[in-house]
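Geometric and topological summary
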Amino acid sequence: MAQGFFDRYESEGFFDEMFEGDGKVRPHYQRILERFSEMDAQTFERKRALAEKAYLNQGITFTIYSGDEGTERIMPFDLVPRIIPSDEWKVLERGLEQRLRALNLFLHDIYHEQRIIREGIIPLEIIRTAKHYRPELIGVDVPHDIYIHVCGTDLIRGADGGYLVLEDNGRCPSGVSYLLENRQAMKRVFPHLFSRYPVRPVDRYPQELLAALRYVAPHGNLDPTVVVLTPGIYNSAYFEHSFLARSMGIEIVTNQDLIVKDDFVYMKTTKGLKKVDVIYRRVDDDFLDPTVFRKDSMLGVPGIVNAYRKGNVNLANALGTGVADDKVTYYYVPAMIRFYLGEEPILPNVETFLSAVDTDRKYILENLENLVIKAANESGGYGMMIGPKATREEIEKFRAAIIADPRGYIAQPVISLSRSPCYCDGVFEGRHIDLRPYILMGEKTTIIPGGLTRVAMRKGSLVVNSSQGGGTKDTWVLDEGGQPC
Amino acid sequence: MLSRVADSCFWLSRYLERAETNSRILDVNIQIALDFEENNDEKVRQQWMPILSAAKERELFRQIHGEVTSEAIMDFVTFEKTNSSSILSSMTLARENARTVREQISSEMWEQINRLYLYLQSPAARTAFRESPIGFFRLLVDNLHSFQGITDATMTHGEGWQFIQAGKYIERADSTSRVLDFKYHLLLPSGEQVGGNVDITQWMAVLRSCSAMEAYFKISRGHVTSWQVAEFLILHDTFPRSIRFCVDALDQALHSISGVDRGHFSNEAERLSGALRSNLAFTTVDSIFRFGLHQYLDQTQERLNEISNALAETYYRWT
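Residues numbered from 1 in each chain as written. Chains lettered and ligands numbered in written order. Predicted model: local features only at pLDDT ≥ 70, side-chain atom pairs only at ≥ 80, totals over all residues.

What follows deals with the packing of helix α3 (residues 86-110) of chain A against helix α14 (residues 333-341) of chain A. All names here are of chain A. Remark: α3 packs on α14, axes separated minimally by 9 Å, with the N-to-C direction vectors making an angle of 80°. As the angle between them shows, α3 and α14 are arranged roughly perpendicular. Taking contact as the criterion, the partners of Gln 98, Arg 99, Arg 101, Ala 102, Leu 105 and Phe 106 in α3 are, on α14, Val 333, Met 336, Ile 337, Tyr 340 and Leu 341. Here the contact of α3 with α14 is built from residues that sort into eight nonpolar, one polar and two charged. (Axes fitted to C-alpha atoms, helices over the stretch in contact; angles between N-to-C directions. Helix = DSSP H or I, 4+ residues; strand = E, 2+ residues; numbered from the N terminus. Parallel < 35°, antiparallel > 145°, perpendicular 65-115°, else oblique. Contact = placed C-beta atoms within 7 Å. Nonpolar A, V, L, I, M, F, W, Y, C, P; charged D, E, K, R; others polar.)

Residue and element names in this part refer to chain A. The amide bond that connects Ala 316 to the next residue, Asn 317, takes the cis arrangement and shows omega of -5°. With respect to the secondary-structure elements, Asn 317 resides in the loop between β12 (314-316) and α12 (322-325). Its identity as a non-glycine residue notwithstanding, Asp 145 has a phi of 55°, on the positive side. Considering the arrangement of structural elements, one finds Asp 145 in the loop between α5 (124-128) and β4 (150-157). Positive phi, normally seen in glycine, also occurs at Asp 425, with a value near 50°.

Now for the domain arrangement of chain A. Residues and elements named next belong to chain A. Taken domain by domain, chain A holds domain 1 (1-224 + 313-347 + 429-485) and domain 2 (353-413). One C-alpha centre belongs to domain 1, the other to domain 2; they are set 25 Å apart. Taken together, the contacts link twelve residues of domain 1 with ten residues of domain 2. (Domains from an automatic or database assignment.)

On the chain B side, the residues contacting the 17 residues of chain A number 18 residues. Of all elements in the fold, only α2 (41-57), α9 (238-248), β7 (251-253) and β9 (264-269) of chain A reach the threshold of two or more residues within the side of chain A that touches chain B. The class makeup of the residues in the side of chain A that touches chain B is six nonpolar, seven polar and four charged.

So, about the domain arrangement of chain B. Residues and elements named next belong to chain B. The assigned domain composition of chain B is domain 1 (1-155) and domain 2 (165-319). No other element matches the 16 residues that helix α1 (residues 3-35) contributes to the side of domain 1 that touches domain 2. Looking at the side of domain 1 that touches domain 2 residue by residue, the classes come out as eight nonpolar, five polar and six charged.

Residue and element names in this part refer to chain A. Buried within helix α1 (residues 30-38) we find Ile 32, Leu 33 and Phe 36. In a view along the axis of α1, the buried residues occupy a sector of 100°, so they form one face of it. As for α1, its buried residues are in contact with β3 (77-84). (Buried ≥ 20, exposed ≤ 12 C-beta atoms within 10 Å, placed from the backbone. Arc of directions from axis to C-beta.)

Ordered by their spatial adjacency, four strands build an open sheet running β13-β16-β14-β15 (chain A), and the pairing between neighbours is antiparallel. For this open sheet the edge positions go to β13 (353-354) and β15 (384-386) of chain A, each flanked by a neighbour on one side alone. (Pairing = 2+ DSSP bridges.)

Glancing now at the environment of Arg 294 of chain A. Residues and elements named next belong to chain A. Along the chain, Arg 294 turns up in the loop between α10 (285-288) and α11 (304-309). C-alpha of Arg 294 to C-alpha of Leu 478: the two residues are 184 residues apart in sequence and 46 Å apart in space. Filtering out sequence-adjacent residues up to four positions away, Arg 294 remains in contact with Asp 286 and Phe 287.

Structure representation (structure tokens):
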């Protein structure tokens, strides 16, 4: 190994993506290690600046609000790719597909017969009290019974390297544009690496997404008008909304552009009103229609829910999918897989305790300082406490909250997430990572090879969310027979 | 195309043109200032204040800077965020509009706007501005010209492009009329005569701020007179910054959008632009001067404004 860059790299007892326990490089990272070891810090720094500049010029930014002025930041991008061998990926693919199939059956069931409740698999009370459960939609049919068209399932690897499902994001999972742009950036900065690795391409995602959206058009319309609905340019993910619309070649609209007449949705164009058939909406249920959900929503389209209920427009993802995102529902996903599919789950959940269950709650309250506590309906790294890192006050605050609202919390053991080398101030150090693959469900289920690898850039941190200082990496799935050449 | 998108294409184009006009005017004014070295406070005021055309701007300037210096005016017109027509404000608004239609314009267009905006915000821009204001404003104009080239070469020449053209030409017609009117407000120092050195220098500055000097001299055989300059900048049929040319191009864009033949109209915007276009085609500089140059320019600005409103009424306003 060349001097400098990786010499002092330590796995520190964590599962490391690049190195085995004894400091030996894993075979699929061999060429990367060689290539990076040839470089000095200056060259590497130059490459990093080049990538950063490209992101900034293209406006690939998200907005952080503090005070009255929003600042545009680029998401930190780490140049060491995360590599997944093809046999490992095949298992993930099967597991994710299985999980999404079960979740869609669950959502259909919950808004129709509710067999899973009647047969005692999930208590009625859990569903009834889920924050994002929408009883307004009971009995409403959606095209092809697909509820979650786009799923972003978060996977982590524990101390033994085994993959676990951390959560299912079945509402409006974001981040896929970063995945696509990260690949562009890597090709720009390290063109030669790609000739040495059989990396599976990711750039068909927008076309696959469009195909899935067109497939679910109302009334089997073969030439539907599909649009992306965004909250607007001040939304932190606006870049992504516009990126997806541009790459699919369809219109991006705000609520101002839409109008509902006689239970059909139209967009206002220079040539008059034009009917809209499928809306890839990046606005949450709560804000979608002020006549049905939050009255104070400034982002909504009055009447859109009725148009949807009548089957005149389709929304992706469907309304009410949030009930499957609830962290208490998450606990039951393996049971759903057995119930609906008669299969054993391929990808396990993280061990989870429900504070709504008496025996679990007792255990949780006695072990707060060793557990991760999560609010059942929060996301983005909010509403959570990592016991071993929490202060006395935080622990007491969560204790009180759990006692007051047992349904609102779950607990999990602290998982020491796998780590990957990241470039931090001139040296490589291990940082914790996760993986969010994107699964599309249309006529067939399509999973973009890899996903978005998110990195907790702060030393020792386990929180990878961009709102909490997380960064990203390019993720490579190697092709069949996937040894680097 | 979505009404909101058409509106944003139109305005992003107008704001860029506005930024370009301001860059040109400042560039030229610096050059005039350099021609007359014996500056005193009164002269400085006479020369720089007319750049702030609106009363509102002059008031804001007084609040922020108080004293009139060339640096203060340049800073105010270039970087002042609270001045809604400063170059930085125009670029910010152009970029906001571009952001909302990113999927409609080409990536190259967006990146050009974004780069220029980021540059204007950077300390590097301040340094360049201090070291050579002329070089700085030229750089801005060059980059804005690049945007025009990029737009023509990378965007489908469809409806969105036509709205961009409409925005560009309506703003440009307006700018040219304002630059001409600017000369009207520039007082001749006492003792100077109409047709004298200072007067001629000022008219040449007007030509330069419209990039019209070379084109003008090709047809004027070396004479610079007020009526010839006015004739050139108002009525020339092929010079791309003359008011007539711009209104003609605006009218063309509007008809391309509706698909109606020229000479006919299907909405109020087309009717107004057609009327203005034929007025410009059939009037003479003599009758303009008889009517009063300032009054004529004022009226033209008013008519352009009506076209802009009618355009919004036709294409963007949905109830």
